[in-house]
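Spelled out from the first residue to the last, the chains are:
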Amino acid sequence: MKFTKLSLIAAIAVSSAFAGGDIAPVEPAPVVEATSPWSFSGDAKLYYSASTGMPDLATGETASLFDQYSATGQGAVSADIGYAINSNWKINMGLTGLVTLGLDDSIVSGVWLPSTAAPRGIRTALPTGSSIGDALWIDTLNVTGTMFDGALTTVIGRQMLDTPLAFSETWSIAPNTFDAAVAIAKPMENVSLIAGYIYDGNGNGDRIGTFDSQEGGFTSDNGYFPIPGVADSGAWTVAAIGTFNDVTAQAWYYDVLDVAQAVWLQADGNFAGIELGAQYAWITPDDNINPNGTLDDSSAWAIKAGYKIDALNVWAAYSSTDDDGAIDIANTATMMNGMWGNPTPTTFGWGNQSKLYTEAWWNYGYVGQAGADTVTVAADYNFGALSIFNNINLHAQYTGVSNDVTNTDLDEYTAVVGTEAYGFDVQVAYIGTTISTTADDNTDTVQLYLTYNF
């Protein structure tokens with residue numbers, strides 16, 4: 001499930017009307033109503049997920065689908081307020097609140113996004129029952145400026161990020177955000193140059209913090225990564241993105257201070273409905289966490305091919321990571337304490353989402369691991385409108401991961417139906433998962449997403 005919240009605010013358009021002449025009579029100027037400098041938007045969500053295979057700690061039995069112990073549920077409300085100081089500068093502020101709505105008392109036993117440092121799918125309703133309570137935090141607080149007739153845009157402060165190796169994960173009920181400074185220059189219409197410094201963050205899709213403590217977030221006292229005394233200085237990134245003859249190419253370089261350096265290269269093109277893409281990523285551990293030189297560099301490559309015609313879009317992708325990589329090719333901004341500098345590949349980056357084309361729809365953390373060979377095929381079809389439902393879309397996807405290093409295979413089958421009705425965005429998903437190690441672990445998952453935008 002993808003939820004998007006803008007982190008860059010477009011410049012305010014200014015237009016002028018001119019009328020008059022020496023011969024023709026002057027037409028009266030149109031009445032222009034004053035535009036308020038304030039803007040407001042937001043959404044309210046209710047998410048539900050139920051899976052088979054969960055062991056019930058209260059009874060010792062395996063819970064079946066839709067049992068309370070097999071289900072997670074939560075509500076969230078987000079509000080975003082903007083104030084335009086003038087045509088070039090704007091202040092943005094966003095609040096997000098999590099509510100359990102009492103669901104954990106009778107219907108579910110876990111939440112999508114714990115407000116404490118706990119893994120995804122934490123069981124909060126143990127035999128005695130408990131609740132995480134509610135949470136409220138400022139997820140966005142920044143100043144956006146546009147200069148030189150729109151050729152330079154800056155965002156300074158708390159914001160969402162979307163870069164290949166450091167990004168806000170939007171699959172959960174609320175995304176993680178960052179304290180960062182970003183500048184985007186456009187020396188030419190089809191070329192963008194990006195520079196950013198990412199200082200702090202408040203968690204990831206599995207857990208959330210409020211920027212004021214270690215609980216919930218991935219930071220230590222301050223900084224980008226949770227390695228006390230080692231990595232608390234943030235990360236720099238620079239990038240160039242250009243579009244030439246229907247091909248968009250991008251190159252990113254990251255310096256995660258005292259932790260790692262990384263490169264991401266990608267090119268995507270559309271040729272008469274045929275979509276082709278290629279990716280390459282490389283991460284090398286810094287000497288600070290690799291003093292003996294025992295941690296190997298990580299690398300991965302991926303290719304993608306697709307075809308889009310009218311309402312149908314089909315595509316397939318393949319990716320491969322090297323066998324010896326010490327750091328997952330995944331979201332470096334959400335790797336938890338212990339994921340860096342550990343020579344055992346199986347412990348790296350559990351649950352970290354990857355921007356590789358082949359990433360699974362739901363079971364993150366496998367595609368980017370060392371030794372992973374992955375195939376993903378998917379199809380989307382838009383059925384249009386039917387009665388009260390608008391934009392009915394069907395998504396089907398298969399992801400298969402084979403890993404000889406961890407001796408783990410993943411097969412994920414996903415079917416998603418999405419639509420709009422009475423102002424609500426609705427998605428219903430089924431995920432069938434088989435994880436093979438010494439034995440097969442089969443799980444069926446059903447999810448419901450309700451979102452109302454205002």
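Everything quoted here is computed from the prediction, not taken from an experiment.

Peer 1: Lay out the overall build of the chain in plain terms, naming residues and giving numbers.
Peer 2: From N to C terminus, the chain includes zero helices and 20 strands. Burial status across the chain gives 48% buried among its 454 residues. Considering only residue pairs separated by 6 or more positions, the chain has 57% of its internal contacts joining residues 24 or more positions apart. Total accessible area on the chain is roughly 21,400 Å²; 59% of this is exposed by carbon and sulfur atoms.

Peer 1: Tell me about the nonpolar core, residues and numbers included.
Peer 2: Counting residues in hydrophobic clusters, the biggest one holds 39 residues, and the most contacted among them are Trp264, Ile329 and Leu356. Leave out the neighbours within four places in its chain, and Leu356 touches Trp264, Gln279, Ala300, Ala302, Ser319, Ile329 and Val367.

Peer 1: How would you summarise the pairing of strand 4 (residues 135-147) if you had to cite specific residues and measurements?
Peer 2: Two strands pair when backbone bridges link them, and strand 3 (residues 89-99) and strand 4 are joined in this way by ten bridges, in the antiparallel orientation. Bridge pairing links Leu95 to Ile138 in strand 4. Pairing of strand 4 with strand 5 (residues 152-159), which is carried by seven bridges, proceeds in the antiparallel orientation. Across the sheet, Asn142 pairs through a bridge with Gly157, a residue of strand 5.

Peer 1: Would you mind going over the packing of aromatic side chains in detail, with residue names and values included?
Peer 2: In this structure the tally under the stated criterion is 16 aromatic pairs. Ring pairing ties together the aromatic residues Tyr47, Trp112, Trp171, Trp361, Trp362, Tyr364 and Tyr449, which thus form one cluster. Between Lys304 and the ring centre of Trp315, over which it is positioned, the NZ or CZ distance is 4.5 Å.

Peer 1: Can you break down the environment of Gln279 residue by residue, with the values?
Peer 2: Mapped onto the fold, Gln279 is located in strand 13 (residues 274-285). You can call Gln279 buried: its relative accessible area is 4%. Through-space distance from the C-alpha of Gln279 to that of Ala249 is 9.9 Å; in sequence the pair is 30 residues apart. Contacts of Gln279, omitting those with residues within four sequence positions, involve Trp264, Leu265, Gln266, Ala300, Trp301, Ala302, Lys355, Leu356 and Tyr357. Here the side chain of Gln279 touches Tyr357 through a polar contact of 3.0 Å, landing on its backbone nitrogen.

Definitions and cut-offs
Residues numbered from 1 in each chain as written. Predicted model: local features only at pLDDT ≥ 70, side-chain atom pairs only at ≥ 80, totals over all residues. Heavy atoms only, no water. Helix = DSSP H or I, 4+ residues; strand = E, 2+ residues; numbered from the N terminus. Buried < 20%, exposed > 50% of the residue type's maximum accessible area, 1.4 Å probe, protein only. Contact = heavy atoms within 4.5 Å. Areas by Shrake-Rupley, 256 points an atom, 1.4 Å probe, with all protein chains shown as cover. Core = buried A, V, L, I, M, F, W, Y, C linked by side-chain atoms within 4.5 Å. Pairing = 2+ DSSP bridges. Phe/Tyr/Trp six-rings, centres within 6.5 Å; stacked < 30°, edge-to-face > 60°. Lys NZ or Arg CZ within 6 Å of the ring centre and 35° of its normal. Polar contact = N/O pair within 3.5 Å; in protein donor to acceptor, adjacent residues only side chain to side chain.

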